[in-house]
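Coordinate analysis (summary)
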Amino acid sequence: MIGRATTRLLAAPRIGPDEAALKSDLDALGGEVIRLRSRDGLKLGGRWLPSESGPVPGDGGDPWRPDPYEAILLLHGWTGSVAPDLVALGPTLRRTAGILGLDFRGHGESDDGPTTFGLHEIEDVAGALAWLGERGIRRVALAGSSMGGVVAIASIVVLGDGSLAAADLDPDAPAASIAAPRPRIVGAVVESVAPDLRIPIANRIGAPLGGPIRRAIAGRMFAEASRRVGGDIRATEPIRVIGLVDPVPLLLIHGAADRTVRPSDGRRLAAAAGPATEHWEVPQADHGAARAADPAAWDARVSGFLRRAFLAGREAVPIIGPPADPADVPVTVGMEGH
């Protein structure tokens, strides 16, 4: 039983069951379908949505001008591609900055690869940051739900936020006389993230077993999965590393009606975070569905958080020279990063 369950854990569904119905909505968003490479060489699919000006609830009518040097990297959950998140969240998020929606390895249009809950997906994020840096982006915010949120937290901790050149340097990167600077990560919004990777798996086990037994089964699954992929998948699970995200601003969102990551688990994760973390518990929200539960509140809270993070980033990472035309960043359809 553990062997078959582990195989399913590592082989997430590439396309979600409802994604076919989203094609017209995705096309309506426009943007560019792109391909880039992860840091370890896999080809990854994605879509770039340029920013759009427009009001969001709670902005007080103050005009926000998206900066062409800024972007949001959108990271999806365990099932399917990033398309559903782009359709649901893109119209709001792109009013703050351009969006790069990324398909993790083994998902959507990306190359095959096991789903490792951050162990290997960090390489995907590193590739996306390099792709953005090559196109002039200097400040990035991460946004992810469920597994995407787990990967966002792990990426900040493992890759660094870009503020310390020595710590954030890739020791295996090829030498080059000229290299595009990597964008600085100025903040992250993560939703429905469990402190312990066993929790969402245990809560989805349908057998009539007690919580400790289900968590033990989930633990055995992760141990077997780690053995298969040659690395400890749980080494960077959120409860172990979230304190290291600070001082990067972090907005944790949990649903009060979430049965996969229960509110008490969300509070436990928030208690382990640093002082730069905000925690928002959304009434009636199920797993990954905070915006569906309260669109106006989500738009206002998330947009306000991201804009404050970008403003602080502008002070820390000023750009010298005239601003680029937003239509020119990025400039090429289908170009692969390296």
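Residues numbered from 1 in each chain as written. Predicted model: local features only at pLDDT ≥ 70, side-chain atom pairs only at ≥ 80, totals over all residues. Heavy atoms only, no water.

1. Describing the nonpolar core
Grouped together as the largest cluster of nonpolar side chains are 54 residues, with contacts concentrated most on Leu73 and Leu100. Top element by residues in this core is helix 5 (residues 147-159). It accounts for eight residues. If we ignore the near neighbours within four places in the chain, the residues touching Leu73 are Leu100, Leu102, Val125, Ala128, Val140, Ala141, Leu142 and Ala143. Counting 31 residues, the second-largest nonpolar core is a separate cluster that includes Leu74, Ala97, Val282 and Leu306. (Core = buried A, V, L, I, M, F, W, Y, C linked by side-chain atoms within 4.5 Å. Buried < 20%, exposed > 50% of the residue type's maximum accessible area, 1.4 Å probe, protein only. Helix = DSSP H or I, 4+ residues; strand = E, 2+ residues; numbered from the N terminus. Contact = heavy atoms within 4.5 Å.)

2. Focus on the confidence of the model for the chain
The pLDDT averaged across the chain works out to 90; a share of 88% of its residues lies at or above 70. Overall, residues 322-327 carries pLDDT values under 50, and its contacts beyond four positions in sequence, including any with other chains, amount to seven contacts. Across residues 329-338, confidence stays below pLDDT 50; counting only partners more than four residues off in sequence or on other chains, it has 29 contacts. (pLDDT = per-residue confidence, 0-100.)

3. Let's talk about helix 8 (residues 211-229)
With 19 residues, helix 8 should reach 27 Å at 1.5 Å per residue; the first-to-last C-alpha distance of 27 Å fits that figure. Restricting attention to buried positions, one finds in helix 8 the residues Arg214, Ile217, Ala218, Gly219, Met221, Phe222, Glu224, Ala225, Ser226 and Val229. Next to the buried residues of helix 8 lie helix 1 (2-10) and helix 7 (198-203). Gly230 sits one or two positions beyond helix 8 and adopts a positive phi of about 80°. (Expected span 1.5 Å × (residues − 1).)

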